[in-house]
Amino acid sequence: MTCFFSCKMESMNDELHTLNFLLARLERISADSVVAHRASGVRGAMLRVVENIESGEPVSGQEVKRLIESGYRLLERAAKEKIR
């Protein structure tokens, strides 16, 4: 039982770190970018989730995973756009 709780907390800390990393990177996407509007929406959702995690409110693991995947996908699209 203790391992479940501590493992869950460790996982949430890793996800919180990843969300903060993505927030910082998504913020740097140029406003001229095609993905800028979408990135803004994902950032808003990430900020709400981070606030919930930090305040101890329950957060859906699926929602966190979806946001992390969306964040990385947007960064990849923005990078490809910059290469062109």
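Residues numbered from 1 in each chain as written. Predicted model: local features only at pLDDT ≥ 70, side-chain atom pairs only at ≥ 80, totals over all residues. Heavy atoms only, no water.

### Here's the deal with the side chain of Ser70
Applicable threshold: For helices the rule is a DSSP run of H or I covering at least 4 residues; for strands it is a run of E covering at least 2, with both sets numbered from the N terminus onward. We call two residues in contact when some of their heavy atoms are within 4.5 Å.
For Ser70, the location among the structural elements is in helix H3 (residues 61–83). If sequence neighbours within four positions are ignored, Ser70 has contacts with Arg38 and Val42.

### Quick look at the nonpolar core
Nonpolar side chains tend toward joint burial in soluble globular proteins. Our working definition: For our purposes a nonpolar core is just a set of buried Ala, Val, Leu, Ile, Met, Phe, Trp, Tyr and Cys residues, chained together by side-chain atoms within 4.5 Å. Each residue is placed in one exposure class: buried if its accessible area under a 1.4 Å probe, protein chains only, is under 20% of its type's maximum, exposed if it is over 50%, and partly exposed if it falls in between.
Counting 21 residues, the largest nonpolar core has Leu19, Leu26, Ile29, Met46 and Leu67 as its most contacted members. Elements with a contribution of two residues or more to this core: helix H1 (2–27), helix H2 (36–54) and H3. Broken down by element, the residue count for this core peaks at 8 residues, all from H2. Setting aside residues no more than four positions away along its own chain, Leu67 makes contact with Leu19, Val42, Ala45, Met46 and Val49.

### Quick notes on the layout of surface pockets
Our working definition: Any residue with an atom within 4 Å of a point lines the site, the site being either a cavity, points on a 1 Å grid over the protein atoms alone where a 1.4 Å probe fits but cannot get out, or a pocket, an open set with protein on both sides within 12 Å along at least 5 of 7 lines. Grid points are joined across faces, edges and corners, and a volume is the space filled by probe spheres set on the points. In the scheme used here, Gly and all other residues not listed as nonpolar or charged are polar, with Ala, Val, Leu, Ile, Met, Phe, Trp, Tyr, Cys and Pro taken as nonpolar and Asp, Glu, Lys and Arg as charged.
Here the second largest pocket is characterised by a volume of approximately 220 Å³. If you go around the second largest pocket, the residues you meet are Arg25, Arg28, Ile29, Ser30, Asp32, Ser33, Leu75, Ala78, Ala79, Glu81 and Lys82. By residue class, the composition of the lining of the second largest pocket is 4 nonpolar, 2 polar and 5 charged.

### Brief notes about the pattern of salt bridges
Condition: A side-chain nitrogen of Lys or Arg and a carboxyl oxygen of Asp or Glu constitute a salt bridge if their distance falls within 4 Å.
Here the structure, examined in full by the defined rule, presents 3 salt bridges. Put simply, Glu63 and Arg66 hold a salt bridge, and the shortest N to O gap is 2.8 Å. Of the two residues, Glu63 and Arg66 are both situated in helix H3; the distance of 3 residues between them amounts to about one turn of the helix. Owing to a relative accessible area of 27%, Glu63 belongs among the partly exposed residues under this scheme. Salt-bridge contacts for Lys80 lead to Glu76; the nearest nitrogen and oxygen are separated by 3.4 Å. Linking Lys80 with Glu76, this pair stays in helix H3, spanning 4 residues, or about one helical turn. For Lys80, a relative accessible area of 46% translates into the label partly exposed.

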